[in-house]
Amino acid sequence: QKEVEQNSGPLSVPEGAIASLNCTYSDRGSQSFFWYRQYSGKSPELIMSIYSNGDKEDGRFTAQLNKASQYVSLLIRDSQPSDSATYLCAVKRTGGFKTIFGAGTRLFVKA
Amino acid sequence: DAGVTQSPTHLIKTRGQQVTLRCSPKSGHDTVSWYQQALGQGPQFIFQYYEEEERQRGNFPDRFSGHQFPNYSSELNVNALLLGDSALYLCASSPGTGPTDTQYFGPGTRLTVL
């Protein structure tokens, strides 16, 4: 079982729709959760971080965390073609130093 | 305020050679982590440096070594290069090692091993 699992996609949504990206993790000691966006040929860019159960909203982005189910998701409202990228879920355990990344989900937003 | 910088941008080496990659952290950051990202994969943690010491290491062989300097900049060295070492090498800096200390990535170094 991979430590952080994501559907590889591609996930294709029309412009203006809601894109829903999901991630599960195996370590119950995980404390910090991150979503990064990575454009082709570029480095990852942090979109959201979340540390407690529930929802966290930032503009068009909402991160959701359910530690009991070991599940974290990212919703992108009013998706734009510029949102087309690979979205990486990342997890850090309590007291740990390393961040573990999933393989990423490719998102395509069709104009 | 300069972000994380890395050099060189691209590098081509042959099997068996050695390579050194460099990273300067974002201003105010004292912690540097290195990642290897193969095509189509997420970044894999190599190691983290804080106060010039290696704090934690991922599942990488001893051919991968590093160093952090007093000004917090860092180097990643890879000896006896293999074809499988071809990847994007990412440096990330953070203001500390705590759970909420956000990592910022540099642009990466693309290493090709022939």
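You'll find the structure just up there.
Every chain begins its residue count from 1, and numbering advances along the sequence as written. Chain letters and ligand numbers both follow the written order, the letters beginning at A and the numbers at 1. Given that this is a predicted model, residues contribute local features only at a pLDDT of at least 70 and side-chain atom pairs are listed and counted only at 80 or more, while totals for whole chains, interfaces and linings are drawn from all residues. Only hydrogens and water are set aside; all other atoms, that is, all heavy atoms of the structure, feed into the side-chain values.

1. Some remarks on the sheet that holds strand S7 (residues 64-68) of chain B
All names here are of chain B.
Turning to step 1, where the next piece is worked out: Strand pairing requires that DSSP identify at least two bridges connecting the strands. Think of it this way: any DSSP run of H or I at least four residues long counts as a helix, any run of E at least two long counts as a strand, and we number them from the N terminus. Spatial ordering of the open sheet is given by S1-S3-S8-S7, a layout of four strands whose pairing is antiparallel. Across the chains shown, the open sheet's two edge strands, defined by having one partner strand only, are strand S1 (5-7) and S7. Across the sheet, the mean angle separating the axes of adjacent strands is 20° when strand polarity is ignored. As a rule, the C-alpha atoms of each element are fitted with a line to give its axis, helices using only the stretch in contact, and angles between N-to-C directions run from 0 to 180 degrees.

2. Examining the sheet that holds strand S7 (residues 61-66) of chain A
All names here are of chain A.
Turning to step 1, where the next piece is worked out: Taken together, five strands build an open sheet; the order of strands is S1-S3-S8-S7-S6 and the sheet is antiparallel. Of all strands in the sheet, those with a lone pairing partner are strand S1 (4-5) and strand S6 (54-58), marking the two edges.
Turning to step 2, where the next piece is worked out: Sheet topology places S7 next to strand S8 (residues 71-76); six bridges connect them, and they run antiparallel. The residue bridging Asn66 from the neighbouring strand is Tyr71, located in S8.

3. Here we look at the state of the cysteines
Turning to step 1, where the next piece is worked out: For this text, the term disulfide refers to a pair of cysteine sulfurs within 2.5 Å. What the rule picks out here adds up to two disulfides over all chains.
Turning to step 2, where the next piece is worked out: Here Cys23 of chain A is linked by a disulfide to Cys89 of chain A, with a sulfur-sulfur distance of 2.1 Å. Residues Cys23 of chain A and Cys89 of chain A share a disulfide whose torsion about the S-S bond is about -70°; that sign makes it left-handed. One end of the pair, Cys23 of chain A, is in strand S3 (residues 19-25); the other, Cys89 of chain A, is in strand S9 (residues 85-93), and 66 residues separate them in sequence.
Turning to step 3, where the next piece is worked out: Any residue under 20% of the maximum accessible area for its type is buried, any over 50% is exposed, and the rest in between are partly exposed; the area is computed with a 1.4 Å probe on protein chains only. According to the relative accessible area criterion, Cys89 of chain A is buried, its value standing at 0%.
Turning to step 4, where the next piece is worked out: Residue Cys23 of chain B pairs covalently with Cys91 of chain B via a disulfide, S to S 1.8 Å.

4. Considerations on the environment of Thr102 of chain B
Turning to step 1, where the next piece is worked out: Mapped onto the elements of the fold, Thr102 of chain B is located in the loop between strand S9 (87-94) and strand S10 (104-105).
Turning to step 2, where the next piece is worked out: Along the backbone, Thr102 of chain B and Ala92 of chain B are ten residues apart, and their C-alpha atoms lie at a distance of 9.4 Å.
Turning to step 3, where the next piece is worked out: It only takes one pair of heavy atoms within 4.5 Å for two residues to be counted as in contact. Setting aside residues no more than four positions away along its own chain, Thr102 of chain B makes contact with Leu46 of chain A together with Ser93, Ser94 and Pro95 of chain B.

5. Things to note about the nonpolar core
Turning to step 1, where the next piece is worked out: We call a set of buried Ala, Val, Leu, Ile, Met, Phe, Trp, Tyr and Cys residues a nonpolar core when their side-chain atoms join them within 4.5 Å. Grouped together as the largest cluster of nonpolar side chains are 23 residues, with contacts concentrated most on Phe33, Trp35, Val72, Leu74, Ile76, Tyr87 and Leu107 of chain A.
Turning to step 2, where the next piece is worked out: Counting 20 residues, the second largest nonpolar core, distinct from the first, contains Leu21, Phe60, Val78 and Leu81 of chain B.

6. Things to note about the interface of chain B and chain A
Turning to step 1, where the next piece is worked out: Opposite the 21 residues of chain B that make contact, chain A presents 19 residues.
Turning to step 2, where the next piece is worked out: Taking both partners together, chain B and chain A bury about 1700 Å²; carbon and sulfur atoms supply 53% of that area.
Turning to step 3, where the next piece is worked out: Salt bridge, as used here, is a side-chain nitrogen of Lys or Arg placed within 4 Å of a carboxyl oxygen of Asp or Glu. Remark: the boundary between chain B and chain A carries zero salt bridges.
Turning to step 4, where the next piece is worked out: Between N or O atoms, a polar contact is any pair within 3.5 Å; within protein, one atom must be a potential hydrogen donor and the other a potential acceptor, and residues adjacent in sequence are included only when both atoms are from side chains. Applying the counting criterion to the chain B and chain A interface returns eight residue pairs in polar contact (both at pLDDT 80 or more).
Turning to step 5, where the next piece is worked out: Of all the secondary structure elements, the ones that give two or more residues to the side of chain B that touches chain A are strand S4 (31-37), strand S5 (44-50), strand S6 (53-57) and S9 of chain B.
Turning to step 6, where the next piece is worked out: When the residues that make up the side of chain B that touches chain A are grouped by side-chain class, the tally is eight nonpolar, twelve polar and one charged. The term buried area denotes the loss of accessible surface (1.4 Å probe radius) that occurs when two parts are joined, taken as the sum for both partners. Note that Gly is not counted as nonpolar here; it falls among the polar residues with everything else outside the nonpolar set of Ala, Val, Leu, Ile, Met, Phe, Trp, Tyr, Cys and Pro and the charged set of Asp, Glu, Lys and Arg.

7. Some thoughts on the packing of aromatic side chains
Turning to step 1, where the next piece is worked out: Aromatic contacts are taken between Phe, Tyr and Trp rings whose centres are within 6.5 Å, Trp giving its six-membered ring; a plane angle under 30 degrees counts as stacked, one over 60 as edge-to-face, and the others as tilted. As enumerated under the stated definition, the model contains eleven aromatic pairs over all chains in all.
Turning to step 2, where the next piece is worked out: Taking the centre distance of 6.2 Å and the plane angle of 85° together, the rings of Phe34 of chain A and Tyr51 of chain A count as edge-to-face. Remark: Tyr51 of chain A occurs in the loop between strand S5 (45-50) and S6 and Phe34 of chain A occurs in strand S4 (residues 30-38); sequence separation between them is 17 residues.
Turning to step 3, where the next piece is worked out: On the accessibility criterion, Phe34 of chain A (3% relative accessible area) is buried.
Turning to step 4, where the next piece is worked out: Where Phe47 of chain B meets Tyr49 of chain B, the ring centres are 5.3 Å apart and the plane angle is 85°; that geometry is what we call edge-to-face. Both residues of the pair, Phe47 of chain B and Tyr49 of chain B, belong to the buried class.

8. Describing the environment of Thr14 of chain B
All names here are of chain B.
Turning to step 1, where the next piece is worked out: Within the fold, Thr14 resides in the loop between strand S2 (10-13) and strand S3 (19-24).
Turning to step 2, where the next piece is worked out: What makes Thr14 partly exposed here is its relative accessible area of 41%.
Turning to step 3, where the next piece is worked out: Each C-alpha atom of the pair Thr14 and Leu111 lies 10 Å from the other, and the pair is 97 residues apart in sequence.

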